[in-house]
Amino acid sequence: MTPRELIGTAEVPGGEPLRLFRRGGDYMIVLERNELMSTRMRGSEVALAEMTLERLGARPGKRDARLLIGGYGMGFTLRAALAGLGAGGAVTVAELVPGIIDWARGPMAELTAGCLDDPRVRLVMGDVGDAIGERAEAYDGILLDVDNGPDGLTRLANDRLYTASGLAAARRALRPGGVLAVWSAGPDPAFAKRMAAAGLAVEEVAVRARENGKGPRHVIWFGTKGRG
């Protein structure tokens, strides 16, 4: 087997550093011993965007949704969102770790494919929790993929995103009919209950990690805000 090559290390404010590895043509971002994401396992990150747009009722020619994506990662969710949005759509990407963007514009530039320079994209270097709290009814969709599930794995401060108050803040930031989508490596019944208690209509969907329908099952929760 081809050995992994360490490409770089990125500091996480308030957390342990991330490491970028390459094995052949594949890239992996690792936190301690946890592989957070890889180019081989991108199906559920793509589904996070595609399935959110489906639930928003986006149609060709009418895809003008305003989205907030928490965590750039390897850009799979962003690129899928841009592919599904029209010229009138807009995506704010909140990324806390500068090194992630350095990797996107450096060793993974070919994979990034210029998505960060798309005129519909606004990159905000900072905590997605702060972006959520900035303004009420600002987004049609909020897509969170900043941890391996609804807990602060990457850094403890992320826990606030998944608490009752964090979910209430996300609901306030959504427009009527808007969707909060949260990616996870596995199920968490307590979190689904908290989403429902925050006034969101909850749907839990199991998605395969690979785009070919294989690999481990990941979970995406979709919480829809009522229109009333």
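Rules and cut-offs
Residues numbered from 1 in each chain as written. Predicted model: local features only at pLDDT ≥ 70, side-chain atom pairs only at ≥ 80, totals over all residues. Heavy atoms only, no water. Helix = DSSP H or I, 4+ residues; strand = E, 2+ residues; numbered from the N terminus. Rg over C-alpha atoms; globule rule 2.2 N^0.38 Å. Buried < 20%, exposed > 50% of the residue type's maximum accessible area, 1.4 Å probe, protein only. Contact = heavy atoms within 4.5 Å. Areas by Shrake-Rupley, 256 points an atom, 1.4 Å probe, with all protein chains shown as cover. Pairing = 2+ DSSP bridges. Axes fitted to C-alpha atoms, helices over the stretch in contact; angles between N-to-C directions. 1 Å grid on protein atoms, 1.4 Å probe; cavity = no way out; pocket = protein on both sides within 12 Å on 5 of 7 lines; lining within 4 Å. Points joined across faces, edges and corners; volume = space filled by probe spheres on them. Nonpolar A, V, L, I, M, F, W, Y, C, P; charged D, E, K, R; others polar. Polar contact = N/O pair within 3.5 Å; in protein donor to acceptor, adjacent residues only side chain to side chain.

1. Brief notes about the overall build of the protein chain
For step 1, the next point in the chain: When you go through the protein chain residue by residue, the secondary structure sums to 7 helices and 11 strands.
For step 2, the next point in the chain: The C-alpha radius of gyration of the protein chain comes to 17 Å, within 12% of the 17 Å expected for a compact globule of 228 residues.
For step 3, the next point in the chain: Overall size of the protein chain, expressed as C-alpha extent along the three principal axes, is 55 × 40 × 35 Å.
For step 4, the next point in the chain: Residues classed as buried in the protein chain amount to 52% of the 228 residues present.
For step 5, the next point in the chain: Long-range contacts, defined as pairs at least 24 residues apart, comprise 65% of the intrachain contacts of the protein chain with a sequence gap of at least 6.
For step 6, the next point in the chain: Element-wise, carbon and sulfur atoms account for 49% of the exposed surface of the protein chain, whose accessible area totals about 10400 Å².

2. Details of the sheet that holds strand S7 (residues 121-125)
For step 1, the next point in the chain: Taking strand neighbours across the sheet as the criterion, the 7 strands line up as S7-S6-S5-S8-S9-S11-S10 in an open arrangement whose pairing is mixed. Edge positions in the sheet fall to S7 and strand S10 (200-208), since each of these pairs with one other strand and no more. Taken over all neighbouring pairs, the strand axes of this sheet differ in orientation by 15° on average, direction set aside.
For step 2, the next point in the chain: Here strand S6 (residues 90-95) pairs with S7 via 5 bridges, running parallel.

3. What to know about empty space enclosed by the protein
For step 1, the next point in the chain: One pass over the full model with this rule turns up 2 cavities of 30 Å³ or more.
For step 2, the next point in the chain: What the second largest cavity holds in volume is close to 80 Å³.
For step 3, the next point in the chain: Lining the second largest cavity are Met 37, Glu 45, Gly 71, Tyr 72, Gly 73, Met 74, Gly 75, Phe 76, Thr 77 and Asp 145.
For step 4, the next point in the chain: For the lining of the second largest cavity, the residue count by class is 4 nonpolar, 4 polar and 2 charged.

4. Here's the deal with the side chain of Thr 39
For step 1, the next point in the chain: In this structure, Thr 39 sits in the loop between strand S4 (34-38) and helix H1 (43-55).
For step 2, the next point in the chain: Residue classification places Thr 39 among the buried positions, given a relative accessible area of 11%.
For step 3, the next point in the chain: A polar contact of 3.4 Å, which involves the side chain of Thr 39, links it to the side chain of Asp 26.
For step 4, the next point in the chain: Look past the residues within four positions of Thr 39 in its chain and what remains in contact with it is Gly 25, Asp 26, Tyr 27, Met 74, Phe 76 and Leu 111.

Function cannot be inferred from these measures alone, as they are strictly geometric.
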